[in-house]
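The lines below spell out each chain.
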Amino acid sequence: MLAFLADRGSRAKWVTSVCTGSLVLGAAGLLKGYKATSHWATRALLKDAGAIETEGRVVRDRNRITGAGVSAGLDLGLTLVGMLRDQAYAETVQLLAEYAPEPPFNAGSPRTAPSAVKDVTEAMFPDFNAKARASLFRRSAERPA
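Read on for an overview of the structure. In every chain, residue numbers begin from 1 and rise along the written sequence. With pLDDT at 70 or above as the cut-off, local features in this predicted model cover only qualifying residues; side-chain atom pairs require 80 or more to be listed or tallied, and sums for whole chains, interfaces and linings still use all residues. Values shown for side chains rest on all heavy atoms present in the structure; no hydrogens or waters enter the calculation.

## Concerning the packing of helix H3 (residues 72-84) against helix H4 (residues 87-96)
Rules: Helix axes are fitted to C-alpha atoms over the stretch in contact, other axes to C-alpha atoms as well, and angles between N-to-C directions run from 0 to 180 degrees. For helices the rule is a DSSP run of H or I covering at least 4 residues; for strands it is a run of E covering at least 2, with both sets numbered from the N terminus onward. It is the rotation of the near helix from the far one that decides the hand of a crossing: anticlockwise by less than a right angle makes it left-handed, clockwise makes it right-handed. Contacts: residue pairs with any heavy atoms within 4.5 Å of one another. Put simply, Ala, Val, Leu, Ile, Met, Phe, Trp, Tyr, Cys and Pro go in the nonpolar bin, Asp, Glu, Lys and Arg in the charged bin, and everything else, Gly too, in the polar bin.
Relative orientation of the contacting elements H3 and H4 amounts to 145°, with a least axis distance of 7 Å. In this structure, H3 meets H4 at a crossing whose hand is right-handed. Facing Leu78, Val81 and Gly82 of H3, the residues of H4 in contact are Gln87, Tyr89, Ala90, Val93 and Gln94. Counted by class, the contact of H3 with H4 contains five nonpolar, three polar and no charged residues.

Rendered as structure tokens:
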């Protein structure tokens, strides 16, 4: 899969991902030297792929566009529509989707979540991050250049 992504991504007009998908792009070598983001609890792993870890819901660097957590996928999609067409068309898509976020809680970011909620969430990721680092980035290092 990583070889397939590396091949297609090397000649794609746009290379995009959302959430931890950026870790897969990184393991395929597609984020070396690019600014990128991921879910906040995994973003530091991007450095293992040679990416420039960047905070943001949507991060664009040349033809690479990465989104933070899953909900940033809608923001990434609207950003891309705006780039491929224009802002008015992207706004039309936004209205058609009735995308007007009004979250019921203000816990959608590590900056706004209560400490206890952040602690519980962070406790979910050490095993995931260790496995991702061992699996994805070990395999990418073994892949022929």
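## A few points about the nonpolar core
Under the convention used in this document: Throughout this description, the term nonpolar core refers to a set of buried Ala, Val, Leu, Ile, Met, Phe, Trp, Tyr and Cys residues connected via side-chain atoms within 4.5 Å. The cut-offs for exposure are 20% and 50% of the maximum accessible area for each residue type, with area from a 1.4 Å probe on protein chains only; residues under the lower value are buried, those over the upper are exposed, and the others partly exposed.
Among the nonpolar cores identified, the biggest contains 17 residues, and Leu23, Leu31, Leu46, Leu136 and Phe137 are the most heavily contacted of them. In contact with leucine 23, other than residues within four places in its own chain, are Ser38, Thr42, Leu45, Leu46, Phe128, Ala132, Leu136 and Phe137.

## Concerning the packing of aromatic side chains
The condition that has to hold: Stacked, edge-to-face and tilted are the three classes for Phe, Tyr and Trp ring pairs, Trp counted by its six-membered ring, which pair at centre distances within 6.5 Å; planes under 30 degrees apart are stacked, over 60 edge-to-face, the rest tilted. Only when the NZ atom of a Lys or the CZ atom of an Arg is both within 6 Å of the ring centre and within 35 degrees of the ring normal do we say a charge sits over the ring.
Applying the stated criterion to the full structure yields one aromatic pair. Measuring from centroid to centroid gives 6.0 Å for phenylalanine 125 and phenylalanine 128, while their planes differ by 85°, and the two rings are edge-to-face. Looking at phenylalanine 125, the relative accessible area reads 15%, which means it is buried. Geometry around tyrosine 34 places arginine 64 over its ring, the cationic atom sitting 4.3 Å from the centre. A cation over an aromatic ring shows up here: arginine 85 above the ring of tyrosine 89, its NZ or CZ 3.7 Å from the ring centre.

## Some details on the sheet that holds strand E4 (residues 58-61)
Worth spelling out the cut-off: The criterion for strand pairing is that DSSP finds at least two bridges linking the strands in question.
Reading across the sheet, the three strands line up as E1-E5-E4 and stay open at both edges, with mixed pairing between neighbours. Each edge of the open sheet carries a strand with a single partner, namely strand E1 (15-18) and E4. Across the sheet, the mean angle from the axis of one strand to that of its neighbour is 10°, orientation sign disregarded.

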